[in-house]
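# Notes for the structure review
In case you want the letters, here they are:
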Amino acid sequence: MRVLVTGGAGFIGGAICERLTARGDDVVVLDSLAAHKEPPEHLPDPVELIVGDLGDEEAVRRAVEGVDAVCHQAARVGLGVDFDDVSDYVADNDGGTANLLRALWRRSFTGRLVVASSMVVYGEGRYRCPEHGDVRAEPRRRDDLDEGRFEPRCPRCGTGLAWAPVTEDARLDPRNVYAATKVHTEHLSSLYGRESGAAVCALRYHNVYGPRMPRDTPYAGVASIFRSALESGAAPRVFEDGAQTRDFVHVDDVARANLLALDSPWSGACNVASGEPRSVGDMARALAAGFSGAPEPVVTGEYRLGDVRHVVAAPDLAAEALGFRAETGFAAGMAAFAHDPLR
Ligand SMILES: NC(=O)c1ccc[n+]([C@@H]2O[C@H](COP(=O)([O-])OP(=O)(O)OC[C@H]3O[C@@H](n4cnc5c(N)ncnc54)[C@H](O)[C@@H]3O)[C@@H](O)[C@H]2O)c1
Ligand SMILES: [Zn+2]
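None of the values given here were measured: they were computed from a predicted structure.

If you trace the three strands from one edge of the open sheet to the other, you get S7-S6-S8, paired in antiparallel fashion. Where the open sheet ends on each side, the last strands, each with one partner, are strand S7 (133–135) and strand S8 (162–164). Ignoring which end each strand starts from, the neighbouring axes of this sheet average 50° apart.

Structure below.
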């Protein structure tokens with residue numbers, strides 16, 4: 001099968017390319033190399049690299065030529081600096097996806113389309129009040145956070161809420177520009193499926209970590225930030241009280257989920273997660289344990305008003321629809337990540 005991987009020079013795209021070439025697929029990558037200081041060295045050998053932007057119509061036209069399947073990973077990632085970034089995010093992620101879909105449409109492509117989405121489409125996680133059942137958490141208040149009250153409260157009775165795993169039918173509630181572009185990417189792609197008859201699957205990755213994760217950029221994930229601190233002999237600085245909960249999923253598992261999705265006829269959106277929720281404090285401690293003589297993580301009580309307290313994925317739909325279950329456990333994955341090469 002000939003597969004186009006957009007963003008194939010990136011962290012997740014690169015891991016997907018490795019798996020595809022290892023099983024003998026013919027892989028073409030379209031990547032602007034925007035996220036790279038130097039040309040990436042790790043692209044597996046038989047991959048054909050087209051250096052070009054999703055906004056470049058001619059590059060995209062060449063990239064989709066003759067492909068049987070498309071795995072769309074390219075995107076401007078992270079949270080950006082402030083709202084001034086809105087036009088860049090929309091141009092790259094919405095505009096880029098639109099350009100890709102139009103090129104596929106012009107080719108009458110009805111093959112498999114898999115797109116990278118994110119847990120950020122949900123905004124907050126899911127919460128339950130012991131009295132009122134499933135409720136939406138109220139926006140967090142500065143005075144609560146200043147006093148160290150980090151748990152969201154029930155809008156009806158004010159009781160602290162317990163988290164529950166987020167299922168895919170949760171309301172989409174993007175809370176920043178990047179998240180809004182991920183929702184739009186899902187919607188445009190699913191419309192393409194409806195109009196063309198192609199089977200389209202969106203994978204909502206949770207917190208991805210592993211080898212070749214970008215380091216030290218304002219956009220790097222928290223695992224990479226802690227890892228960089230430990231390498232320089234500093235203690236990871238854990239915000240809030242460290243009990244905020246996430247699902248950390250290894251990039252090998254994310255790549256495997258993409259191959260399963262490419263091989264499946266299932267249309268829809270599903271979480272891609274480890275199913276092993278952990279607190280950010282646990283993650284810092286697990287990473288620090290991988291460095292001999294590393295300082296203990298410091299819980300700082302600092303906060304960012306826009307941060308989500310708990311987002312934990314329900315992994316069941318991916319298992320049912322795609323047969324995907326994560327294989328890298330938290331302890332083993334984090335121990336390896338302490339020494340994985342970063343980009
Ligand atoms: N890393 C995570 O935790 C995470 C979580 C949820 C979703 N995602 C999604 O996964 C996908 C891959 O992310 P990643 O973490 O590998 O990031 P990455 O920056 O390592 O990879 C993205 C790649 O896309 C390329 N690119 C960016 N804009 C482009 C454009 N306009 N045209 C062509 N190429 C372009 C970059 O050069 C880079 O190689 C993205 O769609 C991202 O939104 C990532
Ligand atoms: Zn209540």
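Turning our attention to the site of ligand 1. As a matter of local geometry, ligand 1 sits amid 28 residues, with Ile12, Asp31, His36, Tyr178 and Lys182 nearest to it. With respect to ligand 1, the backbone of Phe11 contributes an N or O atom lying 2.9 Å from an oxygen atom. A distance of 2.6 Å is found between an oxygen atom of ligand 1 and a side-chain nitrogen or oxygen belonging to Asp31. Those elements that provide at least two residues to the shell around ligand 1 are helix H1 (11–22), strand S5 (112–118) and helix H5 (177–196).

Time to look at the environment of Ala289. Tracing the backbone through its elements, the reader meets Ala289 in helix H8 (residues 280–289). A sequence separation of 49 residues divides Ala289 from Ala338, and the C-alpha atoms of the two residues are 8.5 Å apart.

Another point: the sheet that holds strand S14 (residues 268–272). The seven strands lie next to each other as S3-S2-S1-S4-S5-S9-S14, forming an open sheet whose pairing is parallel. Every interior strand has two partners, whereas the edge strands, strand S3 (48–51) and S14, have only one. For this sheet, the mean inter-axis angle between neighbouring strands, taken without regard to orientation, is 20°. As defined by bridge partners, S5 adjoins strand S9 (residues 200–205) across six bridges and the pair is classed as parallel.

A few words now on the pairing of strand S2 (residues 26–31). Among the six residues that make up S2, five are buried, leaving the element largely enclosed by the rest of the structure. Where strand S1 (residues 2–6) and S2 come together, five bridges link them in parallel fashion. Bridged to Leu4 within S2 is Val28. Considered for its hand, the β-α-β crossover made up of S1, H1 and S2 is right-handed.

Calculation criteria
- Residues numbered from 1 in each chain as written.
- Chains lettered and ligands numbered in written order.
- Predicted model: local features only at pLDDT ≥ 70, side-chain atom pairs only at ≥ 80, totals over all residues.
- Heavy atoms only, no water.
- Pairing = 2+ DSSP bridges.
- Helix = DSSP H or I, 4+ residues; strand = E, 2+ residues; numbered from the N terminus.
- Axes fitted to C-alpha atoms, helices over the stretch in contact; angles between N-to-C directions.
- Near = heavy atom within 4 Å.
- Polar contact = N/O pair within 3.5 Å; in protein donor to acceptor, adjacent residues only side chain to side chain.
- Buried < 20%, exposed > 50% of the residue type's maximum accessible area, 1.4 Å probe, protein only.
- Right-handed = clockwise from strand over helix to strand, strands pointing away.

Don't take any of this as a statement about function, it's just geometry.
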